[in-house]
Amino acid sequence: MRAFVFPGQGAQAIGMGKALADAYPAAAQVFAEVDDALGEKLSDLIWTGDIADLTLTKNAQPALMATSLAAMKALESEGVTISVANFVAGHSLGEYSALAAAGALSISDTAKLLRLRGAAMQEAVPVGVGAMAALLGLDFATAQAVAQEAAQGEVCQAANDNDPSQVVVSGHKAAVERAVEIAKEKGAKRAMLLPVSAPFHCTLMGPAADKMAAALAGTTINAPAVPVVANVVAEAVTDPDQIRKLLVDQVTGSVRWRESVLWMGDQGVDQAWEIGSGKALSGMIRRINKEIASRNVGTPEDVAAAAASLS
């Protein structure tokens, strides 16, 4: 059984998807469609721009989705459709890529939603008020306890349960800084602030969740062709109304990636194909469940190898 998984923020790189667009007209069309939806040449930024600009949340989110969908269209050009997957899943913004790949959202609507999501998340908390930190070498229960101890009347929550040894906490800057020190005292191998512009996936993102609720209310969501393993419930969903609600919940809720991978393994998934830029999810999956073989599809060479294996 197979899962197609889609990367989240942090996987962005200048030049990502360019070789796919050059090799496959259908991949190039994805970037053109995203450019049209946003009314700007995001593709120029992705391929030849400055990494600092690409890393801005409002740009990184639609850019990573475009690259993932370009890879998906390249696979389709080689005869590999989404139907070869038993499940799709994505890390944070990657859940939107998964939904678009499964036909639940149009590429144009997904680009607009992610541009809004990125901007809304950025604007929800003034720069410098919030922070995020990675705690390495602590299990999730310990990391949650660290966050609770660090809060001291402020917000500090476990935002990303990435794998058995990596949890990200998010909230008010002072509380997150306290969490870093407490984590070290509790035996974390490393604990460090992350270079992010806002405290994602915590209750401070409430204003962004409200904006996404309004935007999603006016967006057509179809039943996905393949069940989507949703971040906030760590199990498969197919109902469009439930998907709509969970995408809103996801803004302030934890990304339960470790549990999502465990759930897919319990269903019999033994192959994961990471569609898009980077290899971050493949590394996480190996640390979560060594029985799941993971491979990447981000270049024309990857597409050819995947097509040979999957068709």
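Provided above is the structure to which this section pertains.
What counts as what
Chains are numbered independently. Their residues run from 1 in the order of the written sequence. For a predicted model such as this one, the threshold for reporting local features is a pLDDT of at least 70, and the threshold for listing and counting side-chain atom pairs is 80 or more; totals across whole chains, interfaces and linings nevertheless cover every residue. Each side-chain value is derived from all of the structure's non-hydrogen atoms; neither hydrogens nor water enter the calculation. In short, DSSP must find at least two bridges between two strands for them to pair. In DSSP terms, a helix is any run of H or I states spanning at least four residues, a strand is any run of E spanning at least two, and both are numbered starting from the N terminus. In this analysis an axis means a line fitted to C-alpha atoms, helices contributing only their contacting stretch, and an angle means the value between N-to-C directions, from 0 to 180 degrees. By definition in these notes, contact holds between two residues if any of their heavy atoms fall within 4.5 Å. By the definition adopted for this analysis, an angle is roughly parallel if under 35 degrees, roughly antiparallel if over 145, roughly perpendicular if from 65 to 115, and oblique otherwise. Take the far helix as your reference; a near helix turned counterclockwise from it by less than a right angle gives a left-handed crossing, and one turned clockwise gives a right-handed crossing. Charged residues are taken to be Asp, Glu, Lys and Arg, nonpolar residues to be Ala, Val, Leu, Ile, Met, Phe, Trp, Tyr, Cys and Pro, and polar residues to be all remaining types, Gly included.

*Asks:* Explain the sheet that holds strand S10 (residues 293–297) to me, and be specific about the residues and the numbers.
*Replies:* Taken in spatial order, the six strands of this open sheet run S8-S7-S2-S1-S9-S10, and their pairing is mixed. Looking at the sheet topology across the chains shown, the edges are occupied by strand S8 (235–237) and S10. Across the sheet, the mean angle separating the axes of adjacent strands is 35° when strand polarity is ignored. Where strand S1 (residues 2–6) meets strand S2 (residues 87–90), four bridges bridge the pair, whose relative direction is parallel. Bridge assignment links phenylalanine 4 to a residue of S2, and that residue is valine 88. Helix-sheet contacts for helix H5 (residues 57–77) involve S1, strand S9 (271–275) and S10, and the interaxial angle to S9 is about 115°.

*Asks:* Talk me through the packing of H5 against helix H7 (residues 107–124); I want residue IDs and the actual numbers.
*Replies:* It is at 7 Å that the axes of H5 and H7 come closest, and there the two elements cross at 155°. Classed by the angle they form, the pair H5 and H7 counts as roughly antiparallel. Between H5 and H7 lies a crossing of right-handed hand. Here Thr57, Lys58, Asn59, Gln61, Pro62, Met65, Leu69 and Lys73 of H5 lie close against H7, whose contacting residues are Ile107, Thr110, Ala111, Leu114, Arg115, Arg117, Gly118, Ala119, Met121 and Gln122. Tallied by class, residues from the contact of H5 with H7 come to eight nonpolar, six polar and four charged.

*Asks:* I'd like to hear about the environment of serine 97, residue by residue, with values.
*Replies:* Within the element layout of this structure, serine 97 appears in helix H6 (residues 94–101). Distance from serine 97 to leucine 64, taken between C-alpha atoms, is 8.3 Å for residues 33 residues apart in sequence. Not counting the four nearest positions on each side in its chain, serine 97 is found in contact with Phe6, Met65, Ser68 and Leu69.

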